[in-house]
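Residues per chain are reported as follows:
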2 protein chains.
Amino acid sequence: MLPLARGRALCITASESAAFMAAGSSAEKAPLIRKLESIANLSDAAREAVSALPMTVRVVEARQDLARDKDQPAHCCLLLTGWACRYKLLNEGRRQILSLHVPGDIPDSQSLHLRVLDHGLATLTQCRVGFLPHESLRELCVRFPDAASALWRDTLIDAAIFREWMTGIGRRTAHGRIAHVFCEMYLKLHAVGLAENHRCPWPITQTDLGDALGLTNVHVNRMLQDLRAQALIGPRYSELVIYDWDALCALGEFDETYLHMERKAAA
Amino acid sequence: MLPLARGRALCITASESAAFMAAGSSAEKAPLIRKLESIANLSDAAREAVSALPMTVRVVEARQDLARDKDQPAHCCLLLTGWACRYKLLNEGRRQILSLHVPGDIPDSQSLHLRVLDHGLATLTQCRVGFLPHESLRELCVRFPDAASALWRDTLIDAAIFREWMTGIGRRTAHGRIAHVFCEMYLKLHAVGLAENHRCPWPITQTDLGDALGLTNVHVNRMLQDLRAQALIGPRYSELVIYDWDALCALGEFDETYLHMERKAAA
DNA sequence: CGCGCCGTTGACAAAGATCAATCTCAGTGG
DNA sequence: CCACTGAGATTGATCTTTGTCAACGGCGCG
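Bear in mind the structure is a predicted one, so any value in this text is a computation, not a measurement. (Residues numbered from 1 in each chain as written. Chains lettered and ligands numbered in written order. Predicted model: local features only at pLDDT ≥ 70, side-chain atom pairs only at ≥ 80, totals over all residues. Heavy atoms only, no water.)

Student: Talk me through the protein's contact with DNA strand D; I want residue IDs and the actual numbers.
Tutor: The environment of DNA strand D is made up of 17 residues, and the closest members are Thr216(A), Gln206(B), Asn221(B), Arg222(B) and Gln225(B). Here the atoms of DNA strand D within 4 Å of the protein split so that 67% fall in sugar or phosphate, with bases taking the remainder. Interatomic distance of 3.4 Å between a side-chain N/O atom of His219(A) and a phosphate oxygen of DNA strand D. Here Gln206(B) contributes a side-chain N or O atom positioned 2.9 Å from a phosphate oxygen of DNA strand D. For the surface near DNA strand D, the secondary structure elements donating two or more residues are helix 8 (217-229) of chain A together with helix 8 (217-229) of chain B. The leading source of residues in the surface near DNA strand D is helix 8 of chain B, at five residues. (Near = heavy atom within 4 Å. Polar contact = N/O pair within 3.5 Å; in protein donor to acceptor, adjacent residues only side chain to side chain. Helix = DSSP H or I, 4+ residues; strand = E, 2+ residues; numbered from the N terminus.)

Student: Just give me the short version of the sheet that holds strand 5 (residues 95-101) of chain A, but keep the residues and values in it.
Tutor: Taken in spatial order, the four strands line up as 2-6-4-5 (chain A) in an open sheet, and their pairing is antiparallel. In this open sheet, the two edge strands, each paired with only one partner strand, are strand 2 (65-67) and strand 5 of chain A. Geometrically, the sheet is characterised by an average inter-axis angle of 35 degrees between neighbouring strands, direction not taken into account. In the sheet, strand 4 (residues 84-89) of chain A pairs with strand 5 of chain A via six bridges, with the strands oriented antiparallel. The partner of Arg86(A) across the bridge, within strand 5 of chain A, is Ser99(A). Where helix 5 (residues 145-171) of chain B meets the sheet, it contacts strand 4 and strand 5 of chain A, and its direction lies at approximately 125 degrees from that of strand 5 of chain A. (Pairing = 2+ DSSP bridges. Axes fitted to C-alpha atoms, helices over the stretch in contact; angles between N-to-C directions. Contact = heavy atoms within 4.5 Å.)

Student: Go over the protein's contact with DNA strand C, please, and point to the residues and values.
Tutor: Around DNA strand C there are 18 residues in total, and Gln206(A), Asn221(A), Arg222(A), Gln225(A) and Thr216(B) lie nearest to it. Between DNA strand C and Asn221(A) there is a distance of 2.4 Å, counted from a phosphate oxygen to a side-chain nitrogen or oxygen. One of the backbone N or O atoms of Ala174(B) is found 3.1 Å from a phosphate oxygen in DNA strand C. Counting residues per element, the ones that place at least two in the surface near DNA strand C are helix 8 of chain A together with helix 6 (174-191) and helix 8 of chain B. Here the surface near DNA strand C gets five residues from one element, more than from any other, and that element is helix 8 of chain A. Split by residue class, the surface near DNA strand C holds six nonpolar, eight polar and four charged. (Nonpolar A, V, L, I, M, F, W, Y, C, P; charged D, E, K, R; others polar.)

Student: Talk me through the packing of aromatic side chains; I want residue IDs and the actual numbers.
Tutor: Per the counting criterion, the structure on display carries eleven aromatic pairs over all chains. When the centroid spacing of 6.3 Å and the interplanar angle of 80 degrees are considered together, the rings of Trp245(A) and Phe254(A) count as edge-to-face. The residues Trp245(A) and Phe254(A) share a single accessibility class, namely buried. Centre to centre, the rings of Trp83(B) and Trp202(B) are 5.2 Å apart; their planes meet at 75 degrees, and the pair counts as edge-to-face. Pair noted here: Trp83(B) is in the loop between strand 3 (75-81) and strand 4 (84-89) and Trp202(B) is in the loop between strand 8 (199-201) and helix 7 (206-213), with a separation of 119 residues, a long-range link. Neither Trp83(B) nor Trp202(B) differs from the other in exposure class; each is buried. Counting every residue linked through ring pairs, the aromatic cluster contains Tyr186(A), Trp245(A), Phe254(A) and Tyr258(A). (Phe/Tyr/Trp six-rings, centres within 6.5 Å; stacked < 30°, edge-to-face > 60°. Buried < 20%, exposed > 50% of the residue type's maximum accessible area, 1.4 Å probe, protein only.)

Student: Any details on the interface of chain B and chain A? Residues and values, ideally.
Tutor: Between chain B and chain A, the residue contacts involve 47 residues of the former and 47 residues of the latter. Of the roughly 4600 Å² buried at the junction of chain B and chain A (both faces included), carbon and sulfur atoms supply 62%. Of all residues in chain B, Trp152(B), Arg163(B) and Arg171(B) bury the most surface against chain A, accounting for 21% of the area lost on that side. Run the count over chain B and chain A and you get ten salt bridges. At the boundary of chain B and chain A, one finds 30 residue pairs in polar contact (both at pLDDT 80 or more). Looking at the side of chain B that touches chain A, the elements with two or more residues in it are strand 4, strand 5 (95-101), helix 5 and helix 7 of chain B. If you tally residues by element for the side of chain B that touches chain A, the top one is helix 5 of chain B, at 18 residues. Its residues assigned to classes, the side of chain B that touches chain A shows 19 nonpolar, twelve polar and 16 charged. (Buried area = accessible area lost by both parts, 1.4 Å probe. Salt bridge = Lys/Arg side-chain N within 4 Å of Asp/Glu carboxyl O.)

Student: Any chance you could break down the pairing of strand 5 of chain A for me, citing the residues and the numbers?
Tutor: Within strand 5 of chain A, seven of the seven residues are buried, which leaves it mostly tucked inside the rest of the structure. As consecutive antiparallel partners, strand 4 of chain A and strand 5 of chain A are separated by five residues, and within that stretch Glu92(A) has a phi angle of approximately 55 degrees, a positive value.

Below you can see the structure in the form of structure tokens.
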């Protein structure tokens, strides 16, 4: 429930941009390529072009804003390592986390077509972030229609996840919501090669998780204890270990259709 | 909470398609054009092309599915008159309504890029619906990049509305949620010329409204009585009359930024 | 060593759900 | 004209889930 970040949002000065440009040029894009290939087919040419996109890379500490509500950004953020989230703030410190993001995600790709941001974007853990100028992304879209369509598809999957979360917050029990987000994040991480054998890192606080699920940290804590008592998940919060995938899916009424991963990433 | 529709989803046979094609050809598209122009600039050529899109028109009774979860549609639905919604069903008859749609909306425009539907689409009132073949929409996008970008922008605004609803369901009180959806629908209707002077038709049941807001019909009913008692809205449920717009916005913490109506429709 | 963040616990309060009537009113048939 | 019907709105009593508040505990870090 606490405000997520203090201080001012990050912005890139021209000199910094030049200084970092070289560093971010090619191998860094692996998570992005992997993610796009998990949802669409990319031609070799498009893959090359994505790799060649100019990018400024930065390490950002946990709980820093990458962009703020009402900003009019000129670049998109590509998450290279770490977890981030989008969020809205309401009166009296209420906060809703709208989405959780992992490496390969471009959480603000919508800003390519929507001038004003209607929410904030912040790191949850320390992150490496690549900044991609709108200009070069637009050019990419014009020159490589399959890249454009992969990006459009990505924004549509983003929306599909919102629908699923809305359903959870509106109509699932607290147990179900937690089970559901565990299943979802495990699959998202698995798609970019960051999870295996029903285990993955779980680096966010219970307060953050509550704000994502429309619950309080206290209630999240109690529900987690229930899930542990039922032997559905492992005992440590910092690493998610799913003991019983099927039971967790059943509890969360989880059906992965909405993730639209038509091409499963090779493990 | 009740299942929304019975019987089978609508589909169009080849002969019907031919029979209706002529009828839906041009003037019918006024709400769509008006809606697209409320969110983006359209060139004259693009506007012409949209008007010339082949379309099959049908009158559909209230509470009928236009498309179902897991369908793989070959057309998009353009709502010409009436209200519709997208929804998900969970076990034990729980239902979440994901969005409310009014004339000019294409509720399933995402299906252009996402093969499988992850939710249902149904009428709430009697509707006139135009069916637009994916094929011709794709061709439109290729030939008129500004039409493509308007449609993409439309899907992004769709997602922005999901985010706002998620925030409401997760973090707003029942009063606030109802106030918020009233403000939103009034503006959406106003943008297509179907509302004026803080009045608009309100043709959906309290049960439907509850399913949209993550509440029960009983609780919706009680909250409506509160809003009436506070003289924020008019006494009749079938017509929304907003007595005190500012107070309603304040109660719902409503900020229209997320609707991204950069070009207000001329009244 | 002590501070602060985060996880955990308990007692209690409140929002909203559930269940079961009852009411209203438009549409229908006689 | 009037009884009958059914969907949807309204009401009351009660229950459950979740929130609130406050304290305490573990642990990493300067």
